[in-house]
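# Examining the three-dimensional arrangement
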Amino acid sequence: MSTTSVYDKAYHNSSIANASILVTGGAGFIGSNLVTYLLEHGAKKVRVLDNLSNGFLRNIEPFRNNPAFEFIEGDITKPEDCKRACEGIDLISHQAALGSVPRSIKNPLATSEANTTGFLNILLAARDAGVKRFVYASSSSVYGDATESPKIEGRLGNPLSPYAVSKLTNELYAKVFAMHYGMEIIGLRYFNVFGPNQDPNGPYAAAIPLFMNSLLFGKDAVIYGDGGQTRDFTFVENAVQANVRALFTENKEALNKVYNVAVGEAVSVNDLYETIAGIAGSNKRPEYVPERKGDIKNSLADISQAKNLLGYDPRYKIREGLQVTVTWFRKAYENA
Ligand SMILES: NC(=O)c1ccc[n+]([C@@H]2O[C@H](COP(=O)([O-])OP(=O)(O)OC[C@H]3O[C@@H](n4cnc5c(N)ncnc54)[C@H](O)[C@@H]3O)[C@@H](O)[C@H]2O)c1
């Protein structure tokens, strides 16, 4: 295990040494962090299925010579690729999807194909291959227009975007697959995850990598609305912990449920910007532009269900996570 890794803490049990694990979307941001954890902790096999539409070979480059690592360039919208990827697999963490609310408003069909049809394809392939457990990425966007705070798993509002519809549909399919086919399935509703390997480029980049790019390298950054909107920003190590705990939990009560994955602290976008500015040592100002359609005003998670049933205990608060992320961005992009 590398001494500089944030993945020095173990959340799995001893069965990892015999486990063949498929990470879909493993060349993307969260997926590649999960792959790092699994390989650093001695998983028998880690296979990635990714079509590289929004992921990068550079994210999986560090593992290319690891004999426990396999990469399949393929697409979850193709049932034959899903079938191939599930062969000989014990556990799946399904991360592949088209992220971004604005992208889904611009092109709902593409979001539906990857996030809904793709989800169904991989779930069917997992069922047919007799995979033991299926963990998947849902999203805090499923809370939609619910105004209650903090957000509790059972209390949803109406979805506000095609992206939210796709993630809600995943949760509904998960429920009926568990019911009809006896599968062990766990959904993880991530709340604004950030950290190393998150892409700062392209029209759908998330706020934190955009702010990093601006405050470290002088690029422009915008804040939508007045910046008073709040989010439960979650460092990626916490999201990896949730995945690992869900993949390996022996608590039967924890199965076939969805969980909020966050820290349980709300921070405004303005405060987030100032914290990054402080760490980066920059006084560059953002541009304020009108708020975006489909955005939730405030988003704070109640994480007690994940704590109680999965033993999830977020180790990184936002500031510590931002420090690690700023260091990573400096190194990764200083010569770009
Ligand atoms: N990052 C967040 O804050 C956040 C929040 C809530 C939910 N999520 C969900 O978590 C998961 C991972 O998100 P991320 O931030 O790492 O995004 P990402 O875009 O970095 O990773 C997604 C990966 O999936 C791959 N992919 C997309 N469509 C595919 C297809 N049809 N076939 C095969 N591979 C495909 C992409 O190439 C990419 O590598 C996604 O399901 C996303 O919706 C993320």
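Residues numbered from 1 in each chain as written. Predicted model: local features only at pLDDT ≥ 70, side-chain atom pairs only at ≥ 80, totals over all residues.

We now examine the overall build of the chain. Helices and strands together make up the secondary structure of the chain, namely eleven helices and 13 strands. Each principal axis of the C-alpha atoms in the chain carries an extent, and together these give about 55 × 45 × 35 Å. Looking at the chain as a whole, 47% of its 336 residues are labelled buried. (Helix = DSSP H or I, 4+ residues; strand = E, 2+ residues; numbered from the N terminus. Buried ≥ 20, exposed ≤ 12 C-beta atoms within 10 Å, placed from the backbone.)

Right, let's talk about the pairing of strand β1 (residues 20-24) for a bit. In terms of burial, β1 is largely enclosed, as four of its five residues are buried. Pairing geometry for β1 and strand β2 (residues 45-50), over five bridges, is parallel. Note on β2: the bridge partner recorded for Thr24 is Leu49. The handedness of the β1 to β2 crossover, carried by helix α1 (residues 29-40), is right-handed. As paired elements, β1 and strand β4 (residues 91-94) share four bridges and run parallel to each other. Looking at β4, one finds that Val23 is bridged to Ser93. (Pairing = 2+ DSSP bridges. Right-handed = clockwise from strand over helix to strand, strands pointing away.)

Glancing now at the site of the ligand. Around the ligand there are 27 residues in total, and Gly25, Gly28, Gly55, Ala97 and Ala137 lie nearest to it. Counting only elements with at least two residues in the shell around the ligand, the list comes to α1, α5 (108-129) and β5 (133-139). The biggest single contributor to the shell around the ligand is α1, with three residues. Class assignment for the residues of the shell around the ligand results in twelve nonpolar, 13 polar and two charged. (Near = placed C-beta within 6 Å. Nonpolar A, V, L, I, M, F, W, Y, C, P; charged D, E, K, R; others polar.)

Glancing now at helix α6 (residues 162-181). Here α6 is 20 residues long and its end C-alpha atoms lie 28 Å apart, about the 28 Å a rise of 1.5 Å per residue gives. For α6, the full list of buried residues reads Pro162, Tyr163, Ala164, Val165, Ser166, Lys167, Leu168, Asn170 and Ala174. Each element contacted by the buried residues of α6 is listed here: α4 (101-106), α5, β5 and β6 (185-190). Where α6 ends, the next residue or the one after it, Gly182, has phi of about 65 degrees, a positive value. (Expected span 1.5 Å × (residues − 1). Contact = placed C-beta atoms within 7 Å.)

Burial runs high along β6: six of the six residues are buried. Across six bridges, the pairing between β5 and β6 is parallel. By the bridge assignment, Ala137 is partnered in β6 with Leu188. The parallel pair β5 and β6 is bridged by α6, and the resulting crossover is right-handed. Relative to strand β11 (residues 257-261), β6 is paired through five bridges, and the arrangement is parallel.

Take unusual backbone geometry next. Glycine aside, a negative phi is what most residues show, and trans is what most peptide bonds show. Cis geometry marks the peptide bond from Ser149 to Pro150, where omega comes out at 0 degrees. Mapped onto the fold, Pro150 is located in the loop between β5 and α6. With phi around 95 degrees, Ser100 is a residue other than glycine that occupies positive phi space. Its place among the elements puts Ser100 in the loop between β4 and α4. Ser100 sits in the partly exposed class, given 18 other C-beta atoms within 10 Å. For Asn192, which is not glycine, the phi torsion reads 35 degrees and is therefore positive. Within the secondary structure, Asn192 is located in the loop between β6 and β7 (193-194). The class for Asn192 is buried, based on 20 C-beta atoms found within 10 Å.

So, about the packing of α1 against helix α8 (residues 236-248). Two elements in contact, α1 and α8, have axes whose closest approach is 9 Å; the angle formed by their N-to-C orientations is 65 degrees. For α1 against α8, the interelement crossing comes out right-handed. Here Ile30, Asn33, Leu34 and Tyr37 of α1 come into contact with α8, specifically with Val236, Ala239, Val240, Asn243 and Val244. Each residue belonging to the contact of α1 with α8 can be placed in one class, and the counts come to seven nonpolar, two polar and no charged. (Axes fitted to C-alpha atoms, helices over the stretch in contact; angles between N-to-C directions. Left-handed = near helix turned anticlockwise from the far one by under 90°.)

With that settled, the discussion passes to the packing of helix α9 (residues 269-280) against helix α11 (residues 318-333). Contact pair α9 / α11: the axes reach a minimum separation of 10 Å and the direction vectors enclose 50 degrees. By the angle between their axes, α9 is oblique relative to α11. For α9 against α11, the interelement crossing comes out right-handed. Here Thr275, Ile276, Ile279 and Ala280 of α9 lie close against α11, whose contacting residues are Arg319, Leu322, Gln323 and Val326. (Parallel < 35°, antiparallel > 145°, perpendicular 65-115°, else oblique.)

On to the sheet that holds β11. If you trace the seven strands from one edge of the open sheet to the other, you get β3-β2-β1-β4-β5-β6-β11, paired in parallel fashion. The two strands at the open ends of the sheet, each matched to only one other strand, are β3 (69-73) and β11. Here the average twist between neighbouring strands, direction ignored, is 20 degrees. Relative to β5, β4 is paired through four bridges, and the arrangement is parallel. Bridge pairing links Ile92 to Phe134 in β5. On the sheet, α8 packs against β4, β5, β6 and β11 and is oriented at approximately 170 degrees with respect to β6.

So, to be careful, I would describe these as geometric facts and stop short of saying anything about function.
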